[in-house]
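Observations on the three-dimensional arrangement
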Protein chains: 2
Amino acid sequence: MSETVILTPAVVDLLEKSVDAARALVTASTSTKNAALEAVARDLRAHSASIVEANGRDLAAGRENGLTDGLLDRLTLSEARIDSLADAVLDIVSLADPVGESVRGSALPNGIRIEQVRVPLGVVGVIYEARPNVTVDLAALALKSGNAVVLRGGSAAENTNRVLVDVIQGAIESVGLPRAAVETVDAFGRDGARQLMQARGYVDVLIPRGSAGLIAAVVDESTVPVIETGAGVVHMFLDESAPLDWAVDLVHNAKVQRPSVCNALETLLVHSASADALLPPVLAKLAESGVTIHADERTRALHPAAVAVTDDDFATEHMSLDISVAVVDSLDEALAHIRRYSTKHTESIITNDLGNAERFLNEVDAAAVMVNASTRFTDGGEFGFGAEVGISTQKLHARGPMGLTELTSTKWLVRGSGQSRG
Amino acid sequence: MSETVILTPAVVDLLEKSVDAARALVTASTSTKNAALEAVARDLRAHSASIVEANGRDLAAGRENGLTDGLLDRLTLSEARIDSLADAVLDIVSLADPVGESVRGSALPNGIRIEQVRVPLGVVGVIYEARPNVTVDLAALALKSGNAVVLRGGSAAENTNRVLVDVIQGAIESVGLPRAAVETVDAFGRDGARQLMQARGYVDVLIPRGSAGLIAAVVDESTVPVIETGAGVVHMFLDESAPLDWAVDLVHNAKVQRPSVCNALETLLVHSASADALLPPVLAKLAESGVTIHADERTRALHPAAVAVTDDDFATEHMSLDISVAVVDSLDEALAHIRRYSTKHTESIITNDLGNAERFLNEVDAAAVMVNASTRFTDGGEFGFGAEVGISTQKLHARGPMGLTELTSTKWLVRGSGQSRG
């Protein structure tokens with residue numbers, strides 16, 4: 001740690017309540033947890049006027065502080081958006097409760113039965129930026145998976161989050177669960193986040209959601225275990241046998257459908273044997289949608305409007321209508337490029353060659369490795385997980401879209417009849 | 001971090017070789033990995049004389065440096081012990097390879113198939129103390145699970161570990177796998193451990209094995225994700241209905257069979273309604289085996305030879321023939337005591353009451369929760385995992401005995417036929 005952070009009595013008091021709430025949630029039945037979610041959805045709609053009012057104050061402050069239009073949009077909660085948030089909470093009601101699921105089990109030779117079952121993680125901390133929808137999503141996912149959650153939501157959304165947490169706490173209390181199941185340290189400002197990172201023994205896992213800078217800072221400072229959700233320098237490789245229509249459609253979909261998200265395409269690699277046939281129509285369609293093409297020399301020979309690509313471009317998650325393009329002479333060269341620049345989020349090959357498809361699936365090291373699909377499918381919703389906590393780009397505990405299961409740990413239940421160890 | 005540690009070129013060079021080796025291991029077949037394990041077992045036996053010779057130098061230095069008899073014993077490798085180590089390596093050959101196992105999968109509504117499969121973690125770092133058997137165990141488990149491993153084994157075993165790693169690397173190379181699959185940073189001294197803890201991007205997970213102090217230091221300093229293996233302040237609760245013979249046998253087995261390990265019993269709690277009947281015979285049998293009994297007042301009334309127990313005793317993992325004993329008036333009081341002092345390793349109830357058994361299993365938060373069994377069964381070998389990496393006492397990624405499966409991550413394989421996201 002850069003310096004020792006002492007937990008203040010007020011934060012310790014809050015965290016002790018979170019630990020107690022987590023203990024109550026461990027044994028809460030699925031129907032009680034679902035009733036809490038239904039109450040949350042109901043109360044969000046019932047209090048939408050005061051949420052919009054608080055949000056208006058945050059938006060006014062944000063405009064004064066010069067937030068970009070993109071950030072202001074993410075910060076905005078209209079009545080319609082609150083309605084969708086409430087719908088999303090109800091969607092989580094219909095998902096299976098992971099708690100109690102039997103993962104594996106066996107009878108030992110001495111007759112003891114062992115069974116590994118899913119249990120809640122306990123207290124989950126989340127540090128995120130000015131997106132009040134995350135407040136609701138995370139509270140709902142944590143409730144369903146039996147976890148208490150301590151949120152730190154960023155000062156730009158402070159008024160909105162305060163009202164949201166109040167509404168959620170009231171709903172939870174109305175079904176007899178402890179209101180401290182959802183807590184916020186926003187009132188402690190920046191120091192709240194710093195204390196959360198040092199709250200070993202209270203907080204079981206910390207999930208940072210937001211910019212690469214935020215995530216790096218949390219990884220660096222935190223002594224609580226962290227799950228990184230993260231950046232996507234996402235590649236597609238058009239193999240020699242890539243069908244033209246798939247190449248055109250999938251590259252366009254992966255780049256253009258929503259360029260600001262982590263599973264959007266950043267770098268296109270094309271086999272030299274098919275570059276003449278594929279690149280002109282693929283890049284023409286991108287250009288039609290306003291994509292700026294950063295390309296190597298061989299690509300620029302086929303698409304002179306492109307600007308020269310740099311090493312930095314290949315390493316950058318643009319999150320904008322920019323794409324880096326390079327021609328490679330083999331699958332091995334494509335794999336080497338991906339190995340060098342990938343952030344291990346999502347990589348896709350477009351091919352009709354079974355051997356190359358299998359090599360790509362086996363050899364690429366990423367959370368999601370695809371054949372003949374748009375990279376935009378790496379998503380908890382698309383994978384059928386309902387809402388998602390984030391997309392883990394690390395290898396420990398969870399990798400890829402994180403749903404309810406990823407918010408659980410396990411424990412071993414051991415049932416004997418008087419056995420001693422020999 | 002307490003201060004920024006810069007990786008030296010020599011360490012970066014070593015780690016880059018580890019990363020390359022890890023990549024080769026990802027696609028190594030189970031039969032190749034098993035051939036490597038067989039070669040390791042063969043070469044350990046073939047080089048036992050030089051291993052014993054190097055070990056002799058470490059033992060001589062250890063005696064000069066005043067190591068305790070216990071530490072010297074753990075440091076010692078005789079021909080017979082090397083033989084058992086080789087046998088343990090061959091045991092791992094017969095275990096199932098976790099790599100490639102399908103964890104779950106489904107077809108999405110659009111026809112895309114998603115499948116979550118197990119993959120190696122990549123590069124696993126292990127920091128441990130003067131136990132050369134860990135060098136062999138970890139190298140073998142890492143090989144079988146397709147991981148490269150970077151070891152830091154403690155200066156007291158430096159000569160022994162150097163020869164062991166040489167022998168293992170030779171064996172690995174003899175079957176065509178890269179020798180860097182097993183590496184050591186021992187040559188870099190203490191600085192090797194510190195650099196390993198900062199080797200983000202090279203090392204995927206760091207596992208400290210050893211004293212509570214070592215583990216706490218690694219958790220504090222490391223920016224690489226850590227799996228804690230750990231301390232066990234282990235409890236048994238003799239419920240009102242605990243059968244006398246089980247109470248006597250299981251408490252004795254849990255405390256006495258091997259007091260120096262983490263799953264040994266530290267604190268005995270007894271229901272007041274059965275204390276008169278159970279405590280005298282249970283404690284008499286412990287006393288016969290030389291156990292020092294630290295007890296509360298009500299226990300001392302039944303067993304006057306006991307010394308007074310302190311709060312510190314309840315919080316201490318003695319790892320010796322000492323036990324703390326207290327009488328409680330209810331299951332709830334027992335659960336509260338366990339909640340306060342447990343390190344969440346292993347807790348056991350001895351009871352004939354089904355309701356209390358289920359409450360104990362559900363409400364106790366620990367890696368292993370037992371009914372009517374000795375706590376000594378929390379062990380990778382007993383659970384059927386073969387050798388074990390350690391026993392995780394944290395909730396993220398792995399909890400309880402860690403075998404081959406716990407040395408894997410997953411990735412999502414996504415197979416489409418031209419799907420774009422709508």
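Residues numbered from 1 in each chain as written. Chains lettered and ligands numbered in written order. Predicted model: local features only at pLDDT ≥ 70, side-chain atom pairs only at ≥ 80, totals over all residues. Heavy atoms only, no water.

A short note on the UniProt feature "domain: Aldehyde dehydrogenase" (unreviewed entry) in chain A
- In the UniProt entry, the feature "domain: Aldehyde dehydrogenase" (unreviewed entry) is given for residues 81-294 of chain A.
- Structurally, residues 81-294 of chain A comprises 43% helix and 22% strand, and the distance from its first C-alpha atom to its last is 36 Å. (UniProt positions renumbered as here; feature names shortened; annotations may be inferred. Helix = DSSP H or I, 4+ residues; strand = E, 2+ residues; numbered from the N terminus.)

Some thoughts on the pairing of strand β9 (residues 292-295) of chain B
Residue and element names in this part refer to chain B.
- Looking at chain direction, β9 and strand β11 (residues 322-328) are connected through 4 bridges and run parallel. Opposite A295, over in β11, you have V325 as the bridge partner.
- Sheet topology places β9 next to strand β10 (residues 307-308); 2 bridges connect them, and they run parallel. In the strand pairing of β10, A295 is matched with A308.
- Considered for its hand, the β-α-β crossover made up of β9, helix α12 (residues 297-302) and β10 is right-handed. (Pairing = 2+ DSSP bridges. Right-handed = clockwise from strand over helix to strand, strands pointing away.)

Thoughts on helix α1 (residues 9-26) of chain B
Residues and elements named next belong to chain B.
- For α1, with 18 residues, the first-to-last C-alpha span of 26 Å sits near the 26 Å given by 1.5 Å per residue.
- Residues of α1 that are buried include every one of V11, V12, L14, L15, S18, A21, A22 and L25, and no others.
- Looking at the packing, one finds that the buried side of α1 touches β3 (123-128), α6 (132-144), β4 (148-152), β5 (182-184) and α8 (189-197). (Expected span 1.5 Å × (residues − 1). Buried < 20%, exposed > 50% of the residue type's maximum accessible area, 1.4 Å probe, protein only. Contact = heavy atoms within 4.5 Å.)

Topic: the relation of the copies chain B and chain A
- Structural alignment of chain B on chain A gives an RMSD of 0.0 Å, achieved by rotating through 180 degrees and translating 0.0 Å along the axis. Taken together, the rotation and translation relating the two chain copies correspond to the operation of a two-fold axis. The rotation axis passes nearest to the C-alpha of H397 of chain B in chain B, at a distance of 1.8 Å.
- By residue overlap, the copies meet face to face through one surface: 100% of the interface positions of chain B are interface positions in chain A. (Least-squares fit on C-alpha atoms with pLDDT ≥ 70 in both.)

Here's the deal with the sheet that holds β4 of chain B
All names here are of chain B.
- Judged by pairing direction, the sheet is parallel, and its 4 strands sit side by side in the order β5-β4-β3-β6 without closing on themselves. Every other strand in the sheet has two partners, leaving β5 and β6 (205-209) as the edge strands with one partner each. Taking each pair of neighbouring strands and ignoring which way they run, the sheet shows an average axis angle of 20 degrees.
- α1 rests against β3, β4 and β5 of the sheet, and its axis sits at about 145 degrees to β4.
- Here α8 sits on the sheet in contact with β3, β4 and β6, set at roughly 135 degrees to β4. (Axes fitted to C-alpha atoms, helices over the stretch in contact; angles between N-to-C directions.)

Let's talk about the packing of helix α5 (residues 79-93) of chain B against α6 of chain B
All names here are of chain B.
- Close contact between α5 and α6 brings their axes to 10 Å; oriented N to C, the two are set at 15 degrees. What the angle tells us is that α5 and α6 run roughly parallel. Read as a crossing pair, α5 and α6 show a hand that is right-handed. Mapping the contact onto sequence places L85, V89, I92 and V93 in α5 and N133, V136, D137, A140, L141 and K144 in α6.
- Considering only residue class, the contact of α5 with α6 consists of 7 nonpolar, 1 polar and 2 charged. (Parallel < 35°, antiparallel > 145°, perpendicular 65-115°, else oblique. Left-handed = near helix turned anticlockwise from the far one by under 90°. Nonpolar A, V, L, I, M, F, W, Y, C, P; charged D, E, K, R; others polar.)

What about the domain arrangement of chain A?
- Looking at chain A, the domain boundaries give domain 1 (9-229 + 400-415) and domain 2 (234-377).
- Here the C-alpha centre of domain 2 of chain A lies 36 Å away from the C-alpha centre of domain 1 of chain A. (Domains from an automatic or database assignment.)

A look at unusual backbone geometry
- Of note in the backbone geometry, N372 of chain A takes a positive phi value of approximately 55 degrees without being a glycine.
- Along the chain, the position of N372 of chain A falls in strand β13 (residues 368-373).
- Judged by its relative accessible area of 7%, N372 of chain A falls in the buried class.
- For M319 of chain B, which is not a glycine, the phi torsion comes out positive at approximately 55 degrees.
- Take M319 of chain B: it is sitting in the loop between α13 (311-314) and β11.
- According to the relative accessible area criterion, M319 of chain B is partly exposed, its value standing at 36%.

As for the packing of aromatic side chains
- Enumeration according to the criterion identifies 8 aromatic pairs over all chains in this entry.
- A ring pair is formed by W412 of chain A and F385 of chain B, whose centres lie 5.9 Å apart and whose planes are at 55 degrees; its orientation type is tilted. Residue W412 of chain A is found in strand β16 (residues 408-419), and its partner F385 of chain B is found in the loop between β13 (368-373) and β14 (390-392); the two belong to separate chains. Residue W412 of chain A shares its accessibility class with F385 of chain B, and that shared class is buried.
- Aromatic rings pair up to connect F383 and F385 of chain A together with W412 of chain B into one cluster. (Phe/Tyr/Trp six-rings, centres within 6.5 Å; stacked < 30°, edge-to-face > 60°.)

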